[in-house]
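A closer look at the structure
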Amino acid sequence: MYRSVGITIRDLLKLGILKDAKNLSGSAGMDRKITKVNVMEVPDILDWVQPGEFLLTTAYSIKDDIIKLNELIPELNKRGLAGLGIKTKRYIKEIPEIVLKTARDLDFPLIEIPYDVSYADIIMPVLTDIVNSQTTILKQIDGFNSRLMNVMLKGGSLKEIANAIHGGLGISLAIYENIFKSYEIICPDDQKEEIESIIVAESNRKRVMNYKDTGKNSYIRTRDMLGGKSVERIMIPICTEDRNYGNIFIWQDQKELSPVELSVMESAAPLIALDLLKKLSIYEIENKHKIEFFDDLLSSDEGRQRKALERSTFFNFDKNLSYSVIIITIRDIDSLMKLTPNNTNYLHHLNNKLMSIVERLSKSRKEKIIYGNKSDRMIILYSSELGKNKLELKNEIFKFCEEVFAYAEIESIKENISIGIGRNYSEVGKLWMSNREAQRAVENLIGSREGHPIHYDDLGIYRILSYEELKPELFHFYKEILEPLVKYDREKDSDLVKTLKKYFECRSNLKKVSEEMYTHYNTIIYRMQRIKEITGINLEDPNERLNLEISLKIYDILKTEQL
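Given the structure is predicted, the values throughout are model-derived calculations rather than measurements.

Looking at the overall build of the protein
Scanning the protein from N- to C-terminus turns up 19 helices and 17 strands. In terms of overall dimensions, the protein is more spread out than a globule: its C-alpha atoms have a radius of gyration of 37 Å, far above the 24 Å expected for 563 residues. Seen through its C-alpha atoms, the protein measures out along the principal axes to roughly 120 × 60 × 40 Å. Looking at the protein as a whole, 48% of its 563 residues qualify as buried. At a minimum sequence separation of 6, the contacts of the protein that also span at least 24 residues come to 65%.

Printed below as a string of structure tokens:
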């Protein structure tokens, strides 16, 4: 900011002490900003100058070769200096015309300082004016931040924050936050649709900015078409050092922001980040209490259910509606945690994306949707009116879950989630059954259904096999029928189990098995013979055949436990 705050060369020449100074290079560079004053009395000054400086010199160090100025001025200009003030009549009588021409060609201010004016006479008033300008700017920033902070302390919404910024700057802007994927736009009505499409496009981009990434400026400049005109857009990240919370978008359609106004906006971004972090913390506290409510409500214990109903109004739960439980789990969480260096942050990142998807979808529905985030899963209560057609309701819930998957694909987390759906119940005392059903559905997703939701009713025989009470007997049945084949595959690195599954899928058609497995027909015949020898089962016997099919289903359930 300080490099853009100071006094111009024009203001410098208005100082009383410089009333007799002469501008030797024309009027083109008169609006260059002076932010510092330096003195040159050595020939290698280039190593010591900075952008925005006004350089004072008597040219003593180059008095014997004044033409060196012709080489020095382009270098000073390249380094962003505001100008050069030379005291003549002591060591040099006049400045050569070739030097003056170079300064004029570059619009580089070259000022002749009167012989009787000392450096101190110039430096003191210039630095005083610069400090006063910077103080004024700091007061403006402080005032703006105070107004913004007041809005935030009063719990102001994103829209109120956007209005506060718009009131201070008077330009079209939008604030996008990527926690709940919401945004607010303040602009002329005829631009709103165009700006909305820009925000949506930017939110889907994979670019993540933070202040470490942006170098000198903590913003990106680009251009958009608004109302048929090309308008410059400035994007300022709302972030802390290690996390991005969204962006502020500014369109310079009504005026061009000054460097000071840009500085004000940059100072506002961390405040907005803190506000969003505060709201996220509040959400996480509320979510903790909501999960406790869910644990009681979805318990089979009647006492805990009554306890939940006592505080149901706090969580917008209506006992006069019927509900279906939907469970969204993060798949292969142990593997993900091992592969991710920062485990906690990665899980938090996945949960935030999932939460924002469900939040967005719940707002667009008339049905009451209550949800809570529980570490590696999200629990959703999907409400409906009593007496609603069961098939219609099932299709409606499927549509909701498919939309979750569609947004998850956009967010690149579709491969990380599974969704199970329980039956709909009108009695609060039976909701624990819907929760158990959704849990079984999500745990028993077969490979062909990954990437799609599954309803408990669609589990088929898995509805029976998934009962916890049956696990010991199922395990014994598996060991008796299929385990020898699984062990053989493991030891010989063969595909007999895979071939057997395909045999049942293809209804015993060996030719089709051969085609689908891209394996020679004779090889399939050999494998089927080995399967019969190892298991001792006669595939022509309906009962033995059924036992083998059931044992494969049990294998699908139990293999996740690393048999």
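Quick notes on the packing of aromatic side chains
Counted according to the given criterion, the structure contains 10 aromatic pairs. Aromatic side chains Phe 293 and Phe 317 sit 6.0 Å apart centroid to centroid with 65° between the ring planes, which places their arrangement in the edge-to-face category. Here Phe 293, found in helix α7 (residues 259-297), pairs with Phe 317, found in the loop between α8 (302-310) and β13 (322-330); they are 24 residues apart in sequence, far enough to count as distant. The class of Phe 293 is buried, set by a relative accessible area of 0%. Geometrically, the ring pair formed by Phe 475 and Tyr 478 is tilted, given 6.3 Å between the ring centres and 35° between the ring planes. With Phe 475 and Tyr 478 both in helix α14 (residues 471-481) and 3 residues apart, this pair spans about one turn of that helix. Phe 475 sits in the partly exposed class, given a relative accessible area of 34%. Connected via pairs of aromatic rings, a cluster forms that spans Phe 293, Phe 294, Phe 315, Phe 317 and Tyr 323.

A short note on the confidence of the model for the protein
Mean pLDDT for the protein: 84, with 91% of residues reaching 70 or above. By mean pLDDT, helix α9 (residues 333-339) is the weakest element of the protein at 56, and α8 is the strongest at 93.

Digging into the sheet that holds strand β14 (residues 369-374)
As summarised here, the arrangement of the 5 strands in space is β14-β15-β13-β16-β17, forming an open sheet in which the pairing is mixed. On the outer flanks of this sheet lie β14 and β17 (454-455), each paired with one strand and no other. Strand direction decides the pairing type here: strand β16 (residues 417-425) and β17, joined by 2 bridges, are parallel. What sits directly across from Ile 421, in β17, is His 455. Lying over the sheet, α7 contacts β14 and β15 (377-384), oriented at roughly 105° with respect to β14. This element, helix α12 (residues 431-443), spans β13, β15, β16 and β17 of the sheet and lies at about 150° to β16.

A closer look at the pairing of β14
Counting buried residues along β14, 5 of its 6 residues qualify, which places the element largely inside the surrounding structure. Sheet topology places β14 next to β15; 6 bridges connect them, and they run antiparallel. Bridge pairing in β15 places Ile 369 opposite Tyr 382. Hairpin connection from β14 to β15: 2 residues lie between these consecutive antiparallel strands, with Ser 375 at a positive phi of about 55°.

With respect to helix α2 (residues 69-78)
Because each turn of an α-helix spans 3.6 residues, side chains separated by three or four positions in sequence point in the same direction. Within the sequence span of α2, burial applies to Leu 69, Asn 70, Leu 72, Ile 73 and Leu 76. The arc that holds the buried residues of α2, viewed along the axis, is 155°, so those residues lie on one side. Opposite the buried face of α2, at more than 90 degrees from it, the exposed residues are Glu 71 and Lys 78. On its buried face, α2 sits against β4 (36-40), β5 (53-57), β6 (83-87), α3 (97-105) and β7 (110-113). Immediately downstream of α2, the backbone of Gly 80 shows phi near 80°, a positive value.

Some words on the nonpolar core
Ile 165, Ile 272, Ile 326 and Ile 328 are the most contacted members of the largest nonpolar core, which totals 64 residues. Excluding residues that lie within four positions of it along the chain, Ile 328 makes contacts with Leu 354, Val 358, Asp 376, Arg 377, Met 378, Ile 380, Val 404, Ile 417, Ser 418 and Ile 419. Counting residues in each nonpolar core, the second largest holds 32 residues, with Tyr 456, Leu 465, Leu 482 and Val 513 among its members.

As for the environment of Leu 280
With respect to the element layout, Leu 280 can be found in helix α7. In this structure the C-alpha to C-alpha distance between Leu 280 and Ile 179, which are 101 residues apart in sequence, comes to 7.8 Å. Once residues within four sequence positions are removed from consideration, Leu 280 is found in contact with Ile 179, Arg 243, His 348, Asn 352 and Met 355.

Rules used throughout
Residues numbered from 1 in each chain as written. Predicted model: local features only at pLDDT ≥ 70, side-chain atom pairs only at ≥ 80, totals over all residues. Heavy atoms only, no water. Helix = DSSP H or I, 4+ residues; strand = E, 2+ residues; numbered from the N terminus. Rg over C-alpha atoms; globule rule 2.2 N^0.38 Å. Buried < 20%, exposed > 50% of the residue type's maximum accessible area, 1.4 Å probe, protein only. Contact = heavy atoms within 4.5 Å. Phe/Tyr/Trp six-rings, centres within 6.5 Å; stacked < 30°, edge-to-face > 60°. pLDDT = per-residue confidence, 0-100. Pairing = 2+ DSSP bridges. Axes fitted to C-alpha atoms, helices over the stretch in contact; angles between N-to-C directions. Arc of directions from axis to C-beta. Core = buried A, V, L, I, M, F, W, Y, C linked by side-chain atoms within 4.5 Å.

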